[in-house]
Each structure stands twice: as C-alpha cells, then as structure tokens.
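Chain and residue survey
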Amino acid sequence: MKIKNICCIGAGYVGGPSMAVIALKCPHLQINVVDINPKRIDAWNDKDLSKLPIYEPGLDHIISECRGRNLHFSTDIEANIAKADMIFISVNTPTKTEGYGAGQAIDLKWVDASARKISEFATGETIVIEKSTLPVKTAQTIKEILESASIKQTSNKIFHVLSNPEFLAEGTAMNDLINPDRVLIGGSNQEAIKALTNIYSNWLDKSKIITTNLWSAELSKLIANAFLAQRVSSINSVTAICEATGSSTKDVSLAIGKDKRIGKYFLNPGPGFGGSCFKKDILNLVYICNHYGLYQVSEYWQQIIKINDWQKRRITKLIINKLFGTISGKSIAIFGFSFKANTNDTRESPAISISMELLKEGALLRIYDPKVNYSQIENDLSQVDNKDANQNNKKNWQYCENIYDSTIGTDAIVILTEAQEFKNINWSIISQNMRAPSWVFDTKGLSNTEEAKGFNMNVWTVGEG
Ligand code: NAD
Ligand code: UGA
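Description of the structure in this document. (Residues numbered from 1 in each chain as written. Chains lettered and ligands numbered in written order. Predicted model: local features only at pLDDT ≥ 70, side-chain atom pairs only at ≥ 80, totals over all residues. Heavy atoms only, no water.)

**Some remarks on the packing of helix α12 (residues 295–322) against helix α13 (residues 350–360)**
Across the interface, α12 lies against α13 with an axial gap of 10 Å and an inter-helix angle of 40°. Our classification of the angle between α12 and α13 gives oblique. In this structure, α12 meets α13 at a crossing whose hand is right-handed. Touching K312, T316 and I319 of α12 are P350, S353, I354, E357 and L358, all from α13. Class assignment of the residues belonging to the contact of α12 with α13 gives a composition of four nonpolar, two polar and two charged. (Axes fitted to C-alpha atoms, helices over the stretch in contact; angles between N-to-C directions. Helix = DSSP H or I, 4+ residues; strand = E, 2+ residues; numbered from the N terminus. Parallel < 35°, antiparallel > 145°, perpendicular 65-115°, else oblique. Left-handed = near helix turned anticlockwise from the far one by under 90°. Contact = heavy atoms within 4.5 Å. Nonpolar A, V, L, I, M, F, W, Y, C, P; charged D, E, K, R; others polar.)

**A look at the packing of aromatic side chains**
A full pass over the atoms with the stated rule returns 12 aromatic pairs. Through successive ring pairs, a cluster of aromatic residues spans F227, Y300 and W301. R182 extends its terminal NZ or CZ atom over the ring of F167, reaching a point 3.6 Å from the ring centre. Positioned above the aromatic ring of Y55, the side-chain terminus of K371 is 4.5 Å from the ring centre. (Phe/Tyr/Trp six-rings, centres within 6.5 Å; stacked < 30°, edge-to-face > 60°. Lys NZ or Arg CZ within 6 Å of the ring centre and 35° of its normal.)

**Comments concerning the site of ligand 2**
If you check the shell around ligand 2, you find 19 residues, and the closest are F167, L168, E170, N268 and C277. K444 has a polar side-chain atom sitting 2.9 Å from an oxygen atom of ligand 2. (Near = heavy atom within 4 Å. Polar contact = N/O pair within 3.5 Å; in protein donor to acceptor, adjacent residues only side chain to side chain.)

**With respect to the environment of T346**
Residue placement: T346 occurs in the loop between β9 (331–335) and α13. Along the chain, T346 and Q376 lie 30 residues apart, while their C-alpha atoms are 7.9 Å from each other. In this view, T346 contacts F337, S338, F339, I352, V372, Q376 and D380; residues no more than four positions away in its chain are not counted.

**Here's the deal with the site of ligand 1**
By nearness alone, 27 residues border ligand 1, and D35, R40, T93, E170 and K280 come closest of all. T93 has a polar side-chain atom sitting 2.6 Å from an oxygen atom of ligand 1. Within the side chain of R347, an N or O atom sits 2.9 Å from an oxygen atom of ligand 1. In the complex, the protein chains occlude 92% of the 830 Å² of accessible area that ligand 1 would expose alone. Considered class by class, the residues forming the shell around ligand 1 number 10 nonpolar, 10 polar and seven charged. (Areas by Shrake-Rupley, 256 points an atom, 1.4 Å probe, with all protein chains shown as cover.)

**What to know about the sheet that holds strand β13 (residues 439–442)**
Overall, parallel pairing links the six strands, which are arranged β11-β10-β9-β12-β13-β14 in an open sheet. Here the strands that pair on one side only, and so sit at the sheet edges, are β11 (397–399) and β14 (458–461). The average angle at which neighbouring strand axes cross in this sheet is 20°, direction not considered. Note that β9 and strand β10 (residues 364–368) share five bridges and pair parallel. Residue F335 lies in a different strand from β10, and its bridge partner there is Y368. Together, β12 (412–415), β13 and β14 form the strand contacts of α12, whose direction differs from that of β13 by roughly 165°. (Pairing = 2+ DSSP bridges.)

**Quick notes on a nonpolar patch on the surface**
Where nonpolar side chains cluster on the molecular surface, the patch consists of L228, Y265 and F266 and spans about 310 Å² of accessible area. Summarising the element assignment, Y265 is placed in the loop between α10 (249–257) and α11 (278–291). (Patch = residues over 30% accessible without salt bridge, like charges linked within 9 Å, V, L, I, M, F, W, Y side chains within 5 Å. Salt bridge = Lys/Arg side-chain N within 4 Å of Asp/Glu carboxyl O.)

**A word on the pairing of strand β1 (residues 5–9)**
Burial runs high along β1: five of the five residues are buried. Side-chain alternation along β1 places N5, C7 and I9 on one buried face and I6 and C8 on a second face that is also buried. In the sheet, β1 pairs with strand β2 (residues 30–34) via five bridges, with the strands oriented parallel. Bridge pairing in β2 links I6 to I31. (Buried < 20%, exposed > 50% of the residue type's maximum accessible area, 1.4 Å probe, protein only.)

**Notes on the pattern of salt bridges**
Here the structure, examined in full by the defined rule, presents 17 salt bridges. With a closest N to O distance of 3.1 Å, E166 and K131 form a salt bridge. Placement of E166 in the loop between β6 (158–163) and α7 (173–178) and of K131 in the loop between β5 (125–130) and α6 (138–153) is noted, with a sequence separation of 35 residues between them. The pair E166 / K131 is uniform in exposure class, with both members buried. Two residues, E348 and K279, come together in a salt bridge whose shortest N-O distance is 3.9 Å. With E348 in the loop between β9 and α13 and K279 in helix α11, this pair connects stretches of sequence that are 69 residues apart. With a relative accessible area of 27%, K279 lands in the partly exposed category. The network of salt bridges with shared partners includes E170, D345 and R347.

Shown next as structure tokens:
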C-alpha cells in the first residue's frame with residue numbers, strides 16, 4: 001500500500017509531537033493533524049512558537065521546520081480524513097466519571113466519535129491506527145463501527161485496523177520519539193503492518209519494530225504503564241521504611257539498581273506519581289481484570305494506586321506535623337506544580353492534591369512553576385469536591401513569577417518536581433526571605449538542600465532517615 005497522506009485525529013501531547021517527528025523524518029509524506037478544539041489548533045498554528053499548546057523541549061524547532069511544509073494543523077476533520085491513506089486516532093481516553101464502570105473504565109466516547117467520522121468520510125482503502133491507549137479488544141469495536149457504516153453506504157471502503165501504542169514520556173517526548181526503545185505494531189493485515197513499518201524505518205532500525213497481534217499490542221501498553229507505576233509505588237513504599245529505620249532511599253536505590261535484573265530506572269522516590277496515564281491505565285487494567293473475574297489480579301494492581309495516594313497524604317500530614325501541628329495562617333511556597341519537570345502538564349499532578357490539602361488546613365500558598373501558567377493552576381485548584389475550600393482557594397493562594405519571590409514571608413517550602421532550577425537554589429537569599437523557624441520539604445530529594453542547613457533552615461528529604 002502506498003502512503004502519501006496521513007491524518008492524525010487529536011492534536012494533544014501525543015498527536016502533536018508524534019506527528020511532528022513523522023513529518024521531520026518523512027518529508028515525502030503530507031501530515032494533517034486535526035482536532036475538534038479550535039483554540040488548540042490556533043495555538044499549534046501560532047507564529048510565536050512559545051505559544052504552542054504544549055511545552056516539550058525541542059518541539060518548537062521541529063514545528064518551525066515542518067509546519068506549512070508537510071505538517072499542517074486544522075479543524076477540517078472531514079476533508080483531512082477523506083484524503084488520508086493512513087489515520088492515527090490519538091484522542092483522549094480518560095477514566096469514565098459517570099455511568100457503568102465510572103471511576104475505572106475508560107471513556108471511549110472520543111474514540112467512538114473518531115471511528116464514526118472515519119467510517120463516514122474515509123475514501124478507498126484506509127489504514128486506521130490506534131495511537132491512543134485503549135482497553136484490550138477495542139480494535140474489535142473500532143472495526144465494527146468502521147464496517148457497519150460502510151455496509152450502510154454500500155461503498156467500496158476498505159479498512160485495516162492496527163494498534164500502535166505510544167510510549168513517549170512527557171518532558172523527553174522528542175527524544176523518545178526519535179530514538180525509542182521499541183515501536184510496537186499490532187495487527188493482522190500484513191500489507192498494513194508493512195506500510196506502517198516502512199514509515200518508522202525512515203529513521204529506525206527494523207530490529208526496534210516489534211509486531212504482534214492486535215490484542216497483545218493493546219494489552220502491552222497497559223502493562224508497560226502498570227509496571228512503571230509499580231516501580232514508583234515500590235520505591236515510595238521504601239521511603240517510609242528508610243525514614244523509620246535511619247536508612248537512605250538514595251543508597252537503597254543505588255544498591256538494588258546495580259543488579260541488572262532490577263535496573264536503575266524508575267527508582268527515584270517522590271510525592272507519588274502523577275500524569276494523565278498511570279492512574280487511568282491501572283484503573284482500566286483493574287476494570288478489565290474484574291470483567292474477566294480475575295479478582296486477585298485486580299486487587300494486586302489496585303494496590304499500586306493505594307500506595308500512591310497514601311504517599312501524597314503521608315507527606316501532607318508530615319508537613320503539618322513538622323510545622324507544630326498547625327498550618328492555619330502559615331505561608332508555604334510550592335516549588336513545582338506540573339506532574340514532573342519539563343512539562344506544562346498538570347494532569348493528576350501530586351501538587352494538586354497536596355496543595356488542596358494544605359489549603360483546607362488553612363495554609364496560604366505561594367506557587368511557583370517554571371512552565372505552568374496562572375490559569376492552569378486556578379483551574380486545577382477549583383476542581384475540588386469541597387465547596388468551602390473551593391471558595392477560599394482563590395484568596396488563599398498566589399501565583400509567583402519567580403522562585404525567590406515565592407519564598408517571601410513563608411514558613412516552609414515544598415519542592416514537588418525535579419525542575420533544573422530547583423537543583424541549585426541560592427539558600428542564602430531564601431533563608432533571608434523566610435520566617436524562622438523555616439522548613440524545606442524536598443519530596444524529590446534532588447535539590448541542594450544540604451546547603452540550606454548551613455543557613456539554619458530545617459530540611460526534610462523524602463526517604464532519608
Ligand atoms: P490530549 O487530551 O492532550 O489530546 C487529545 C486531543 O484529542 C484533544 O486536543 C481533543 O480535543 C482531541 N479530540 C478528542 N476527540 C476528538 C475528535 N472526535 N475529533 C478530533 N479531535 C478530538 O491527550 P494526550 O495526552 O495526547 O493523550 C492521547 C492518548 O495517548 C491517550 O489515550 C493517552 O492515554 C495516550 N498517551 C498519552 C501519553 C502522554 O504522555 N500524554 C503518552 C502515551 C500515550
Ligand atoms: C509515562 C511512561 O513513562 C510513558 O512510557 C508512557 O508512554 C506515558 O506514561 C503514558 O502512557 O502517558 P509520563 O507520565 O509522561 O510517561 O512520565 P514518567 O516519566 O513516566 O513519570 C510519571 C510519574 O512518575 C511522574 O509524576 C514522575 O515524577 C513519577 N516518577 C517517575 C517517580 O516518582 N519516580 C521515578 O523514578 C520515575
């Protein structure tokens with residue numbers, strides 16, 4: 001099958017960067033990224049590259065090279081589907097909030113809507129690719145939607161469905177896409193698999209491309225995220241043991257990570273994992289296990305999320321205890337609001353729940369993040385169940401443009417991400433800004449907080465007993 005035109009439905013954290021890299025590496029292909037959100041598309045088309053809708057190091061360079069050449073962003077979904085030989089579905093797949101399976105199952109309404117559009121507007125032979133992370137067996141649903149509409153229209157449309165899950169991590173997405181550990185393609189039609197393999201072969205060695213059946217590809221994505229999250233919860237459970245026993249999680253991570261069978265990655269402790277995917281993908285796995293009656297397996301994976309929630313609460317309680325059991329009226333600086341460094345994404349960020357808890361206890365927060373803007377934080381802090389706290393929030397937190405300003409008059413600092421700026425802090429300035437006795441709570445253990453002790457500041461570091 002000859003591929004000339006690609007359409008990607010969904011111009012988000014995955015659709016934008018992944019299509020930018022295909023455009024960069026395949027100048028012979030025309031790529032149209034479409035979205036129902038006109039604001040997002042306008043931002044992708046903004047001449048000022050600092051206004052792209054997502055921040056990802058290196059993305060702006062690729063956009064400036066490819067945009068308008070062979071990479072286009074548009075809201076014209078129908079026309080771009082019609083001319084595409086290959087369509088990626090890269091829409092959001094959050095956890096359902098209402099109805100059957102709420103709180104666990106994936107809400108497939110955006111995938112369903114995309115499949116229906118493709119079914120209606122695609123022409124001729126089209127390869128449809130699941131790029132979104134989906135419950136195992138979703139390809140069957142997509143096939144049925146695609147084919148049922150074709151039958152109705154008595155057309156000669158032909159569809160091949162592939163699963164090609166994305167493994168990029170935010171903050172390192174461009175490198176992850178250009179130099180991935182592997183690319184996974186699931187499907188049954190060999191011609192379609194070959195067509196997609198040929199695209200990746202423009203910059204990747206064939207040995208990096210794994211092909212499986214559809215169900216294994218869909219499931220592997222969920223399991224990969226579950227395993228990664230499991231490591232974070234495992235090391236976070238170790239932080240509590242280290243703190244109780246006078247050992248050091250840094251030392252333990254180093255010691256166990258040297259064992260090749262364990263490996264050194266994903267052994268960094270923190271305030272709990274965040275991000276749009278770990279929690280929702282594990283919840284989905286739990287839902288799938290329950291669906292198949294695998295209750296023990298479901299409980300096993302559920303525990304990963306329980307430990308994650310516990311770690312966030314544990315740290316919040318500890319902060320309150322160290323500040324003499326009350327933070328009412330006390331001012332606390334929050335360093336880092338995104339779910340990790342080098343992204344403006346705050347979805348499921350531990351900073352949201354920790355900030356909310358501190359606000360409920362009466363603290364006044366001064367929030368600084370190098371990438372997240374005021375309106376995003378305002379939006380996140382208004383998403384709380386507790387209406388009273390909600391009303392108070394606006395008065396009780398301030399957005400700070402500068403790390404040092406954020407510490408003026410504060411009693412404590414809580415470091416919540418590993419942003420480069422937090423690794424080499426000038427504690428001399430900060431100690432003068434703060435009210436004594438001052439505290440630094442380093443939930444990542446990556447800042448130069450040892451130096452803060454030299455300025456009579458109290459320091460607590462996660463996992464260090
Ligand atoms: P996102 O919310 O940033 O982007 C999804 C986009 O799809 C939105 O802009 C939305 O407007 C658009 N959309 C929804 N329905 C549409 C429709 N019918 N037609 C056109 N556009 C539509 O989401 P994301 O972070 O890019 O994630 C997308 C998928 O990729 C999810 O399944 C996620 O689990 C998976 N994933 C995400 C990451 C990540 O780092 N964010 C990594 C790997 C996989
Ligand atoms: C994660 C996976 O790493 C990607 O492979 C996957 O494609 C993606 O989810 C997805 O499906 O969305 P991402 O969430 O962007 O990527 O970022 P990670 O680097 O995995 O970090 C997730 C969370 O775990 C962050 O809050 C991070 O701070 C935390 N983490 C990570 C730790 O606390 N310790 C670690 O050692 C590693």
